[in-house]
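Chain and residue survey
Below, each chain spelled out in residue letters.
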Amino acid sequence: MCGIVGYLGEGNSKEILLHGLKELEYRGYDSAGIAILEGDNFSSFKAVGKLVNLEEKTKDFQTKGFSVGIGHTRWATHGKPTELNAHPHLGESSYVVHNGIIENYAELKEELLAEGVNFLSQTDTEVIVHLFEKNLKAGLQPFKAFEKTVQTLDGAYAILLITKGEEETIFFAKNGSPMLVGITQDSNEKFFASSDTPLIGYATEVNYFEDGDYGYVNKEGIVIFNEEGVKKEPSFKTLSQNKLSAQKDGYRFFMEKEIYEQTNVISDTLLGRLHDEEVVFDELPSDLFDGINEIKLCACGTSYHSALSASYLFERYARVKTSVEVASELRYRDPILTTDTLFVAISQSGETADTLETLKMAKEAGLKTLVICNVDNSSMVRLADASILTRAGVEKGVASTKAFATQVTVFWMLSLYLSQKKQTLSNEELKRQICLLREVPAAVVVTDELHEKMKRLSKRYLHGHGFFFIGRDIFFPLALEGALKLKEISYLHAEGYPSGEMKHGPIALADPELFTIALLPEHMLYDKAKSNVEELSARDATICAISPLPFDKADDYIATKKQKDYMLEFFEMMVVVQLLSLEVSIRLGNDVDMPRNLAKSVTVE
Ligand code: G6P
């Protein structure tokens, strides 16, 4: 999704902005640009495609002294990914970058066109800069003109604007899309970005803007107003400088590194939360579940699959009625939300627009809210009544792996935590479950043997007319997630299906070119799932069985370890399907970390 950076100071603006954009690459983009104002001299560069194209265009450009600059990576929403549609957008003497969607842009554009304003792009963003300049022409001071512009906009936005006549100022506004500003103690520099990473190594303290915030920065400081127009003080927090996990450490792709990291990050997720006979979440208010009869989980993408997995655990272990919703559906279907329901939003980023909006809906309806999230201080964490951090570290691969693993780990723990409150499991069983949880980090270790096997096997799965990942019970959401991973990075058609449903339609597709990836755990409905696979095998579908038990009807067989429990089998099989997608994608020559058309953080609906 779009990313924003900004810089004010004596430093090398171009390098700082390009560095920032590079750090935001993981969000997904299809064009990029920067604009720098030095004295009353504007320089602006835009390029379609990867950042190297922008670097090439700017290679002969340097600033000499003080300057203000803004930059943007664009993920096309309104208008194709062309250079004209790339940000920053120019008026007559100002440039703007914007992340989000201006919902009333069509009306605003119509009015401006009627007044003779010339538009160069198809974007919603361009109205911002023209409105600002219209207000300037009407005689308002630049900041007042900016304030009036912001008040006219509906929708979600993070905006940075620079203009001639105010050469030492960057104007900003934030509503619904993430943005922060960073400073250091020993300079007047100011750094803006959509997330922490671009500021690591530059700023030491950061202020996260809240919805409705707008204002300006200059050499002297930062001036912020809230949505009522009341001046407020920035609230600075120390920015962690740990960049270690933001590098590839010798792996070919971030996704590969992140698959290998799962053993460590799951250990972090468990840390301090497992006692001998009890699961503890110090961060949860003790009365969070009081008066709760139902849990509603809501998310998008991979997080939705972890939510589906959670529903099996919550009902099985805590005996609490659980429903799962896709956020973009829940938003507009006029749902019944009752106050005896705990609303749980799940999000790696904490910024996904649809999930964030459902959280707001739930809050407005008076529900208690909980967020399971990987990013502290993200919009969802700040909004919810309570939050549990998954502690997966920065996830850079667009295809989510370790975030999913830690989400399911949290849900497993949470189902036990809830079972303690509701006394639905015996002490003995609770203790057994806690022991099993401690074994998850070992279950997800990637052995050389397994990785080599997946590398060899992947060459047999580069063609055909589709994949079905099938499983029963909680292995059905895992099948969905396996299929999603494969389609995200290999661009091959893949579907996840409950094993028992294949005979109700999809089996009609069975032939040797239909690849079935069958999840056959020993400890969850093995015989039933096995007969479903036999039905497919009898119809000549090509079967790849993942199981600890040898299966003679399989064309390919990936042996998993003998485990004590189906949940350990779940985690081990999760690694297998992740590696399968990774190796297929690498063989196909795809960009594993930044697959086409996808964005890491989807901050528009
Ligand atoms: C995008 C990403 C997915 C992610 C989904 C939800 O589509 O490409 O990997 O699962 O958003 O993101 P969230 O940050 O809310 O978990």
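Since we're looking at a predicted model, the values are computed, not measured.

A separate point is the sheet that holds strand β15 (residues 237-238). Paired through backbone hydrogen bonds, the strands of a sheet run either parallel or antiparallel to each other. The antiparallel open sheet is built from eight strands, whose spatial order is β3-β2-β4-β1-β10-β9-β11-β15. Strands at the two margins of the open sheet, each flanked by one partner only, are β3 (41-48) and β15. Bridge count between strand β9 (residues 180-183) and strand β11 (residues 205-208): four bridges; the pairing is antiparallel. When the bridges of β11 are listed, I183 appears paired with E205. Here helix α1 (residues 13-24) sits on the sheet in contact with β1 (3-9), β2 (31-38), β4 (67-74) and β10 (190-193), set at roughly 155° to β1.

Two measures define how a pair of helices packs: the angle their axes make with one another and the distance between the axes. Two elements in contact, helix α11 (residues 402-422) and helix α17 (residues 566-587), have axes separated by 11 Å at closest approach and are oriented at 170°. On the basis of the axis angle, α11 is roughly antiparallel to α17. The segment α11 lies against α17, with F404, A405, V408, T409 and W412 engaging M567, F570, F571 and M574. Tallied by class, residues from the contact of α11 with α17 come to eight nonpolar, one polar and no charged.

On to the site of the ligand. Taken together, the neighbourhood of the ligand is formed by 13 residues, with S303, S347, Q348, S349 and T352 sitting nearest. Note that an oxygen atom of the ligand is positioned 2.6 Å from one of the side-chain N or O atoms of S347. The contact in question runs from an oxygen atom of the ligand to an N or O atom on the backbone of V398, over 3.2 Å. Coverage of the ligand by the protein chains reaches 90% of its 390 Å² of free accessible surface. Looking at the shell around the ligand residue by residue, the class counts come to four nonpolar, eight polar and one charged.

A separate point is the packing of aromatic side chains. Taken as a whole and judged by the stated rule, the model has 28 aromatic pairs. Taking the centre distance of 6.2 Å and the plane angle of 50° together, the rings of F132 and F171 count as tilted. Of this pair, F132 sits in helix α4 (residues 126-137) while F171 sits in strand β8 (residues 170-175); the two residues are 39 residues apart in sequence, bridging distant segments of the chain. As far as the burial class goes, F132 and F171 line up, both buried. The ring of F66 has K219 lying over it, and the distance from NZ or CZ to the ring centre is 4.6 Å.

This part covers the pattern of salt bridges. Applying the stated rule across the entire model yields 41 salt bridges. Here E452 ties to K455 by a salt bridge, and the two come within 3.6 Å at their closest N and O atoms. Remark: K455 and E452 occur in helix α14 (residues 448-458); sequence separation between them is three residues, near one turn of the helix. Here E452 falls in the partly exposed class, since its relative accessible area comes to 40%.

With that out of the way, let us pick up the packing of helix α7 (residues 301-318) against α11. It is at 9 Å that the axes of α7 and α11 come closest, and there the two elements cross at 25°. As the angle between them shows, α7 and α11 are arranged roughly parallel. Of the two elements, α7 crosses α11, and the hand of that crossing is right-handed. Residues T302, S303, H305, S306, A307, S309, A310, L313, F314, Y317 and A318 of α7 lie in contact with α11, whose contacting residues are F404, Q407, V408, F411, W412, L414, S415, L416, L418, S419 and K422. Here the contact of α7 with α11 is built from residues that sort into 13 nonpolar, eight polar and one charged.

Before going further, it helps to examine the side chain of N85. Position of N85 relative to the elements: it lies in the loop between β4 and β5 (89-90). Taking the relative accessible area as the measure of exposure, N85 reaches 1% and is therefore buried. At a separation of 2.6 Å, a polar atom in the side chain of N85 contacts the side chain of Q122. With sequence-adjacent residues up to four places away left out, N85 is seen in contact with R74, G79, K80, S121, Q122 and T123.

Cut-off values and rules
- Residues numbered from 1 in each chain as written.
- Predicted model: local features only at pLDDT ≥ 70, side-chain atom pairs only at ≥ 80, totals over all residues.
- Heavy atoms only, no water.
- Pairing = 2+ DSSP bridges.
- Helix = DSSP H or I, 4+ residues; strand = E, 2+ residues; numbered from the N terminus.
- Contact = heavy atoms within 4.5 Å.
- Axes fitted to C-alpha atoms, helices over the stretch in contact; angles between N-to-C directions.
- Parallel < 35°, antiparallel > 145°, perpendicular 65-115°, else oblique.
- Nonpolar A, V, L, I, M, F, W, Y, C, P; charged D, E, K, R; others polar.
- Near = heavy atom within 4 Å.
- Polar contact = N/O pair within 3.5 Å; in protein donor to acceptor, adjacent residues only side chain to side chain.
- Areas by Shrake-Rupley, 256 points an atom, 1.4 Å probe, with all protein chains shown as cover.
- Phe/Tyr/Trp six-rings, centres within 6.5 Å; stacked < 30°, edge-to-face > 60°.
- Buried < 20%, exposed > 50% of the residue type's maximum accessible area, 1.4 Å probe, protein only.
- Lys NZ or Arg CZ within 6 Å of the ring centre and 35° of its normal.
- Salt bridge = Lys/Arg side-chain N within 4 Å of Asp/Glu carboxyl O.
- Left-handed = near helix turned anticlockwise from the far one by under 90°.

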